[in-house]
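# Structural characterization, general
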Amino acid sequence: MITFNGARHYQELLGGDVEQSIYDYSALFRGSGWLAGRRAAARFRLIKKIDVKLSRVLRQGERVHFVAKGSLASMAERFFAGHAVAYHVNLRALVFTNERVIIMKISAGLKPRDLVSELPYTSILKLTSTWSGLCEVKLANGRTHRFAGIPRADRKFLRDFLGGVVTASAGTVVPGGESDGLMHLCPHCFANVPGRPRSCERCGGGIKLATTAALLSLGLPGLGDWYLGHRWFAVFEMIGAAMLWVVFVIRPLDEELSHIDGMPLGAGFWVLALGIVGGAHLTDAGVTYSFGRKGHHAGKVPVVTVG
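This text gives an overview of the structure that appears in the document.

Reading the values: the criteria
- Residues numbered from 1 in each chain as written.
- Predicted model: local features only at pLDDT ≥ 70, side-chain atom pairs only at ≥ 80, totals over all residues.
- Heavy atoms only, no water.
- Phe/Tyr/Trp six-rings, centres within 6.5 Å; stacked < 30°, edge-to-face > 60°.
- Buried < 20%, exposed > 50% of the residue type's maximum accessible area, 1.4 Å probe, protein only.
- Lys NZ or Arg CZ within 6 Å of the ring centre and 35° of its normal.
- Pairing = 2+ DSSP bridges.
- Helix = DSSP H or I, 4+ residues; strand = E, 2+ residues; numbered from the N terminus.
- Contact = heavy atoms within 4.5 Å.
- Axes fitted to C-alpha atoms, helices over the stretch in contact; angles between N-to-C directions.

### Quick look at the packing of aromatic side chains
The geometry of an aromatic ring pair comes down to the distance between the two centres and the angle between the two planes. In this structure the tally under the stated criterion is nine aromatic pairs. Seen in terms of ring centroids, Trp232 and Phe233 are 6.2 Å apart; in terms of plane orientation they differ by 50°. Their pairing is tilted. Residue class for Trp232 comes out partly exposed when judged on its relative accessible area of 47%. Here the aromatic cluster, defined as three or more aromatic residues joined through ring pairs, consists of Phe66, Phe96, Tyr121, Phe157 and Phe161. Lys208 extends its terminal NZ or CZ atom over the ring of Tyr227, reaching a point 5.2 Å from the ring centre.

Spelled out as structure tokens, the structure:
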């Protein structure tokens, strides 16, 4: 069992007063079993990475009781984009406070990214752990969010924790929430921004549109993901698209024009070739649109005037 003295050790590493910290260290590092220390160390590494940004997202008097890391990738995204890509693009830090669940996009190195959403406890019906190792959060609007990569002991703790914090009004649909049941926050000022606007009404910060990202990927696979900020994934997509065009379109066309084999390419070949290439463009546009709908991606930074 990790004791409160162990919690003090982690707080001392960060500095500051345990009792007045924004973190409830007695809950954050509670656990039992021979892997409890390893899980606590993993949570500490996550906290260190997101601490600065999380401090800006938290409201006055809000405290953090638990954090976990999980991926919000859907089955369709894993199928069309690949498991590894979908997992890392959808990697999230789940922050359980005394008021809500903050869902923050993070990189593979645990650094915070621009997407931040929240889930009020009152909109949660229940949290369950599946046989396949997923953490399922069932909402009042009928949606279910499945997070992969959360240790079994942490899933059990969260199930017990939510049973204590979800109030009698639990299971209500929160006004201002999206169809996925989440409330997406402005990536600049962290205010709740309903719908899919081009900018935040509060701070004027720009917000990128999922439809724009999808159209860019339809024209050139990878371009929409570059627009959303998934740069490393976008490069691989562009390389893959270029290879498809060379193999199925450019090279056969070059051979036909130079009459290497003396046989013109038939219409059936071009239907198949363009079908494969076009299918890749459409698939990437659909996946990019799905990624773009996961929250508000930061666009143009708001201009701050002085005086």
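### A short note on the sheet that holds strand β3 (residues 100-106)
Strand order across the open sheet formed by five strands is β1-β2-β3-β4-β8, with antiparallel pairing between neighbours. Edge positions in the open sheet fall to β1 (64-71) and β8 (183-184), since each of these has one partner strand only. With two bridges joining them, strand β4 (residues 112-120) and β8 adopt antiparallel strand pairing. Following the sheet pairing, Glu118 is matched in β8 by Met183. Each of β1, β2 (91-97), β3 and β4 is contacted by helix α3 (residues 36-57), which is oriented at about 105° to β3, the strand it contacts most.

### What to know about the environment of Gly163
Position of Gly163 relative to the elements: it lies in helix α6 (residues 152-165). Accessibility expressed as a relative area gives 60% for Gly163, which makes it exposed. In sequence terms Gly163 and Leu125 are 38 residues apart; their C-alpha atoms lie 9.9 Å from each other.

### Structural notes on the sheet that holds strand β6 (residues 135-139)
Judged by pairing direction, the sheet is antiparallel, and its three strands sit side by side in the order β5-β6-β7 without closing on themselves. Only two strands of the sheet have a single neighbouring strand rather than two, namely β5 (124-129) and β7 (144-147). Here the strands of the sheet are splayed against their neighbours by 15° on average, with no regard to which way each runs. With four bridges joining them, β6 and β7 adopt antiparallel strand pairing. Among the inter-strand pairings, Lys138 is bridged to a residue of β7, identified as Thr144.

### Describing the pairing of β7
Along β7, the buried face is formed by His145 and Phe147; none of Thr144 and Arg146, which line the opposite face, is buried. Taking the residues between adjacent antiparallel strands as the criterion, β6 and β7 are bridged by four residues, where Gly142 takes a positive phi near 95°.

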